[in-house]
Amino acid sequence: MGSERFYCTECKRYFDETAFYEERHGLDAPPYERVAICPHCKSTDFEKIEILIDKFEMMEALLPALMYINRYMNSIRDVFGLNINNNDLNDAVDIIVEKICEMYDFLESDIQSELFDMSTEYDLEKMLMRFNG
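Residues numbered from 1 in each chain as written. Predicted model: local features only at pLDDT ≥ 70, side-chain atom pairs only at ≥ 80, totals over all residues. Heavy atoms only, no water.

**Thoughts on the packing of aromatic side chains**
Reasoning step 1: Summed over all chains, the structure comprises five aromatic pairs.
Reasoning step 2: Pairing Y7 with Y14 gives two aromatic rings, centres 4.9 Å apart and planes at 50°, and the pair type is tilted.
Reasoning step 3: Taking 5.6 Å as the distance between ring centres and 70° as the angle between the ring planes, the aromatic pair formed by F15 and F46 counts as edge-to-face. Separated by 31 residues along the polypeptide, F15 in strand 2 (residues 14-15) and F46 in strand 5 (residues 46-50) bring together distant segments of the chain. (Phe/Tyr/Trp six-rings, centres within 6.5 Å; stacked < 30°, edge-to-face > 60°. Helix = DSSP H or I, 4+ residues; strand = E, 2+ residues; numbered from the N terminus.)

**What about the sheet that holds strand 5?**
Reasoning step 1: Spatially, the three strands line up as an open sheet ordered 2-1-5, and their pairing is antiparallel. Single-partner strands in this sheet number two, and they are strand 2 and strand 5.
Reasoning step 2: Pairing of strand 1 (residues 4-8) with strand 5 involves five bridges; the strand directions are antiparallel. The residue of strand 5 that forms the bridge with C8 is F46. (Pairing = 2+ DSSP bridges.)

**Considering empty space enclosed by the protein**
To find leftover empty space, one rolls a probe the size of a water molecule over the atoms.
Reasoning step 1: In this structure the tally under the stated criterion is one cavity of 30 Å³ or more.
Reasoning step 2: Estimated volume of the largest cavity: approximately 60 Å³.
Reasoning step 3: Lining the largest cavity we find M73, I76, R77, I84, N85, N86, L89 and N90.
Reasoning step 4: Among the elements of the structure, helix 1 (55-80) and helix 2 (87-103) are those that each provide at least two residues to the lining of the largest cavity.
Reasoning step 5: Residue contributions to the lining of the largest cavity peak at three residues, all from helix 1. (1 Å grid on protein atoms, 1.4 Å probe; cavity = no way out; pocket = protein on both sides within 12 Å on 5 of 7 lines; lining within 4 Å. Points joined across faces, edges and corners; volume = space filled by probe spheres on them.)

**Details of unusual backbone geometry**
Negative phi values dominate among residues other than glycine, just as trans dominates among peptide bonds.
Reasoning step 1: Of the consecutive residues P30 and P31, the connecting peptide bond is found in the cis state with omega at 10°.
Reasoning step 2: Inspection of the secondary structure puts P31 in the loop between strand 3 (19-23) and strand 4 (33-37).
Reasoning step 3: In this model, H25 sits at a positive phi of 50°, which is unusual for a non-glycine residue.
Reasoning step 4: By secondary structure assignment, the location of H25 is in the loop between strand 3 and strand 4.
Reasoning step 5: Note on H25: relative accessible area 53%, which makes it exposed. (Buried < 20%, exposed > 50% of the residue type's maximum accessible area, 1.4 Å probe, protein only.)

**Examining the side chain of N70**
Reasoning step 1: Turning to its location among the elements, N70 is positioned in helix 1.
Reasoning step 2: The class of N70 is buried, set by a relative accessible area of 3%.
Reasoning step 3: With near-sequence residues (within four places) excluded, N70 lies in contact with V93, L115, F116, D117, M118 and S119. (Contact = heavy atoms within 4.5 Å.)

**Let's talk about the pattern of salt bridges**
Reasoning step 1: Under the criterion given, the structure shown has five salt bridges.
Reasoning step 2: Where E121 meets R71, a salt bridge forms, and the shortest distance between an N and an O atom there is 3.7 Å. With E121 in helix 4 (residues 121-132) and R71 in helix 1, the pair connects residues that are 50 residues apart, well separated along the chain.
Reasoning step 3: Assessed through its relative accessible area of 40%, E121 is described here as partly exposed. (Salt bridge = Lys/Arg side-chain N within 4 Å of Asp/Glu carboxyl O.)

The structure is reproduced here in structure tokens:
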């Protein structure tokens, strides 16, 4: 399978290869126009999507989100004390760090703990450099 698939906005289904039909435009003889269609509903209203995403592109998106959540949690602790806890924010951080660790199975525990603490632009740049190599 390639790195592209198609998504039909009409029937809401994914498919790997388009079907075709020949549009005759009232002509009796070829050449006819070959039109790509959804193999399920025969609609022409579909779009090509990329299914393989570069890991570093994902890191460039996930790490800033993680940094902002960590920064927000630190701000809450500054106001309400170190013992304040928000399960939703903690779960969000856990999910992001878990997905990062799944993408890069070579991560050591010190890098994982740095992900949980990352809250400044400097921390973010340092982490991006680590993942970029």
